[in-house]
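# Close look at the chain arrangement
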Amino acid sequence: MSGVHRNLARLTSPEIRDLPKKDGVLLLPIGAIEQHGAHLPVLTDTCQVTELLGRALEALPDDTVAWALPAINYGKSNEHMGFAGTFSLSASTLTAVLMDLAQSAKDSGFRRLAFINGHGGNMAVLDAAARDIRAATNLMTFCIHPHVFVSAPFEITDAERKFGFHAGELETSLMLTLAPDTVHMEHAVKHFAPFPEADPLFFFGNASSAWLTRDWSSSGVFGDATIGTSEKGEAILKSSVPRLAHLIEVISTFEVAHPRA
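Okay, so let's go over this structure. (Residues numbered from 1 in each chain as written. Predicted model: local features only at pLDDT ≥ 70, side-chain atom pairs only at ≥ 80, totals over all residues. Heavy atoms only, no water.)

Moving on to the packing of aromatic side chains. Both the distance between ring centres and the angle between the ring planes are used here to describe each pair of aromatic rings. With the rule as written, the count across this model stands at 19 aromatic pairs. Ring centres of Trp67 and Phe110 lie 5.4 Å apart, and the angle between their planes is 65 degrees; on these two criteria the pair is classed as edge-to-face. Placement of the pair is Trp67 in strand E2 (residues 66–68) and Phe110 in the loop between helix H3 (91–107) and strand E3 (112–117), with a sequence separation of 43 residues. The two residues Trp67 and Phe110 agree in class, both being buried. (Phe/Tyr/Trp six-rings, centres within 6.5 Å; stacked < 30°, edge-to-face > 60°. Helix = DSSP H or I, 4+ residues; strand = E, 2+ residues; numbered from the N terminus. Buried < 20%, exposed > 50% of the residue type's maximum accessible area, 1.4 Å probe, protein only.)

A word on unusual backbone geometry. A positive phi is found at Asn138, a non-glycine position, where the angle reads about 70 degrees. One can find Asn138 in the loop between helix H4 (123–137) and strand E4 (140–144). A positive phi angle, near 65 degrees, is found at Ala167, a position not held by glycine. Its location among the elements puts Ala167 in the loop between helix H6 (158–163) and helix H7 (169–178). By relative accessible area, Ala167 is classed as buried at 0%.

In contact at an axis separation of 8 Å, helix H2 (residues 44–59) and helix H9 (residues 230–251) are set at 65 degrees when each is read in the N-to-C sense. Classified by the interaxial angle, the pair formed by H2 and H9 is roughly perpendicular. Once H2 is placed against H9, the crossing between them reads as right-handed. Here Leu52, Leu53, Arg55, Ala56 and Ala59 of H2 lie close against H9, whose contacting residues are Leu237, Ser240, Val241, Leu244, Ala245 and Ile248. Considered class by class, the residues forming the contact of H2 with H9 number nine nonpolar, one polar and one charged. (Axes fitted to C-alpha atoms, helices over the stretch in contact; angles between N-to-C directions. Parallel < 35°, antiparallel > 145°, perpendicular 65-115°, else oblique. Left-handed = near helix turned anticlockwise from the far one by under 90°. Contact = heavy atoms within 4.5 Å. Nonpolar A, V, L, I, M, F, W, Y, C, P; charged D, E, K, R; others polar.)

The four strands are arranged E2-E1-E3-E4 in an open sheet whose pairing can be described as parallel. Each edge of the open sheet carries a strand with a single partner, namely E2 and E4. Strand-to-strand twist across the sheet, computed as the mean angle between neighbouring axes with direction ignored, equals 25 degrees. The sheet strands contacting H2 are strand E1 (25–30), E2 and E3, and the helix crosses E1 at an angle near 155 degrees. Where H4 meets the sheet, its contacts fall on E1, E3 and E4, and the angle it forms with E4 comes to roughly 170 degrees. (Pairing = 2+ DSSP bridges.)

Quick look at the environment of Trp211 now. With respect to the helices and strands, Trp211 occurs in the loop between strand E5 (190–191) and helix H8 (213–216). The exposure class of Trp211 is buried, given its relative accessible area of 14%. Remark: the alpha-carbon pair of Trp211 and Ser92, spanning 119 residues in sequence, is separated by 20 Å. In contact with Trp211, other than residues within four places in its own chain, are Glu79, Phe165, Phe203, Phe204, Trp216 and Phe222.

With that out of the way, let us pick up the pattern of salt bridges. Applying the stated criterion across every chain yields a total of seven salt bridges. Glu255 is the salt-bridge partner of Arg111, the closest N and O atoms lying 3.0 Å from each other. Here the residue Arg111 occupies a position in the loop between H3 and E3, and Glu255 occupies one in the segment after H9, the gap between them amounting to 144 residues. When its relative accessible area of 28% is taken as the criterion, Arg111 is described as partly exposed. Connected through shared salt-bridge partners, Asp23, Arg111, Arg112 and Glu255 make up one network. (Salt bridge = Lys/Arg side-chain N within 4 Å of Asp/Glu carboxyl O.)

Here it is in C-alpha cells:
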C-alpha cells in the first residue's frame, strides 16, 4: 500500500498508544478473493481497494489524522461459488472478524473506524456489522462502499451502467493501470446477463433477486471487458482518489450530536 507513513502496522505499540485520537479515523480496507472471469486475477477487489486507499492517503492534507490497517483480503463472495479461485467467508464469519477487530480498535483508544469496501458482496454485511459495532463499542463506525468513490468519468453505454458490475469495462481498466501484468486481455469477453428485468425487479435494489453468478454468466463476467484500457483506468483513478480522500477527511473529524464516553 502506498501512503506508507499512515500505515498503522508499521508503528510500535507505544507509538500507537500515544497517537492523538480525539480527531482521526482508523481505516480498514476489505476486499475479496474471487473469480473475475478468465482475464482478471482473483485478487482484483483486494488489489483495487488497497491501491485506491493508498493513493487517497497520499492525497490527504498533512493535518488530516488517518491511519490504515492492513487489508482483510477475504470477503463474502458466495455469489461466485462454483468458479475455481473463489475463497469466501460466510456472513457470520466476516461479521465476527469485524467485531473482534473493532473491539481491538476500541481497546487501543481509537474513536472512529471506517470500512473501506472493495467488493459489492460485502455491503450488506458491513452495514449490519457497523451498526452492531456502534451499539456494542460506541465507536463511530462508517462504511465507504465502492460505488461511492469509483465511477466512470467518461461515457459508457446504458448496458454497461446497468449490467457491467463485475469484471467489465471499469474493473478491467483499473487493473490494466494498477497491475497490468495480471491481466490477460486475450481472454476478455463481453457478456451482459439476460436478466428478465421488470420494474422494479433488478439484480440490486429494493426488489431484487438473490442471484448467483452461475445463474447468469458462464464466463463469470458481467459487462464488456474487451473495451477496457489503461487510459480509462487512469481516468477512473484521477476521479476516484480525490473523492475517497475527501470522504476520509470528513470522517476524521465527524462527531455525533450527543457523544458519550
